[in-house]
Amino acid sequence: MDSRVVAVVAVLALALGCTRAEVIEVDAGLPPRDLGAAPLDLGADETPDAGFVDEAPAGEDAADAGDVVDAGDVVDASEPRDLGPPRTLACGSTARVEDPSGDTVVIGNEAGGVFTLVLDVAIANVGVIARGPVHLTLNGEFVRSVRVVHFVGEGAAASTLHAPREVALERGGTPTAPFVDVTGHNTMSCASDCEPGRVPGDRGCNSPAQVMTYFQRRFGEGRRMLHLQTSTFDGLYIFARNGGCCLP
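Treat the numbers as computed from the prediction; the structure is a model and nothing was measured.

A. Inspection of the pairing of strand β3 (residues 104–108) at higher detail. In terms of burial, β3 is a largely internal element, five of the five residues being buried. By the alternation rule, side chains of β3 split into T104, V106 and G108 and V105 and I107, which are all buried. In the sheet, β3 pairs with strand β5 (residues 125–129) via five bridges, with the strands oriented parallel. Note on β5: the bridge partner recorded for I107 is V128. Here five bridges tie β3 to strand β10 (residues 223–229), and the two strands are oriented parallel to one another. Opposite T104, over in β10, you have R223 as the bridge partner.

B. The arrangement of the side chain of N206 in detail. Secondary-structure assignment places N206 in the loop between β9 (168–171) and α3 (208–219). A relative accessible area of 1% means that N206 is categorised as buried. At 3.3 Å, the side chain of N206 and the side chain of Q210 are in polar contact. Every residue in contact with N206, bar those within four places of it in the chain, is listed here: I129, A177, G184, H185, T187, M188, S189, C190, A191, P200 and V211.

C. Representation of the sheet that holds strand β6 (residues 134–139) in the model. The five strands are arranged β2-β11-β4-β6-β8 in an open sheet whose pairing can be described as parallel. The outermost strands of the open sheet, each flanked by one partner alone, are β2 (87–88) and β8 (160–162). When strand β4 (residues 113–118) meets strand β11 (residues 236–239), the two strands line up parallel, connected through four bridges. Its bridge partner being in β11, L117 is matched across the sheet by I238.

D. Examining the state of the cysteines more closely. Within the structure shown, the criterion is met by three disulfides. A sulfur-sulfur distance of 1.9 Å marks the disulfide that ties C190 to C205. Taking the sign of the S-S torsion, about -100 degrees here, the bridge from C190 to C205 comes out left-handed. Here C205 lies in the loop between β9 and α3 and C190 lies in the loop between β9 and α3, a separation of 15 residues in the sequence.

Analysis parameters
- Residues numbered from 1 in each chain as written.
- Predicted model: local features only at pLDDT ≥ 70, side-chain atom pairs only at ≥ 80, totals over all residues.
- Heavy atoms only, no water.
- Buried < 20%, exposed > 50% of the residue type's maximum accessible area, 1.4 Å probe, protein only.
- Helix = DSSP H or I, 4+ residues; strand = E, 2+ residues; numbered from the N terminus.
- Pairing = 2+ DSSP bridges.
- Polar contact = N/O pair within 3.5 Å; in protein donor to acceptor, adjacent residues only side chain to side chain.
- Contact = heavy atoms within 4.5 Å.
- Disulfide = S-S within 2.5 Å.

Shown next as structure tokens:
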């Protein structure tokens, strides 16, 4: 993830003052576990690899090594994306906590984006599905309660996680959906519409039932909250205690 985007996320966290925990930088460590199309049940005796390596762009490596860039060369360094003002997820009267004692949070959209999940309650499992890349920062008083973050969907391979080293990062790719649904896509791709009468499959995305079943099979029962939307996550702060909803 671009260091300037990381800096933007850090500034947003400090500006909101929403948590006593610092923004945690990307940990260097073992590569993420690439689950591909393998079964989701890892078994009780298997421990996912912890941490991941955030590789620097080749141009930065060359500069660090002391190489000289010719004056006529153009260095590929895109401008940081404008995330807009920091926003707190506002579900209003539709906010729902499905299981107050649940230890799983499931979040999905179509566009992906840069956002922060604030662990103001203890959560063990985080599942994210998106078509676009997701750049997720875990933060909050209970940030070290998280054991696993599982990315799935078309954006999984390019998604990044900022979290304590002990959090296991899994990339599920685009496996076959857990069941056939006439309103949803046949592979785990993204999340979009979840209002009655809408057809996520028309956008190449999965139905809410497919999303919920997929992560239930990965994490088991006990889903505290589900939040789905079509629009970008950019600049969004999602508080685990508040619950989720369906947004455009």
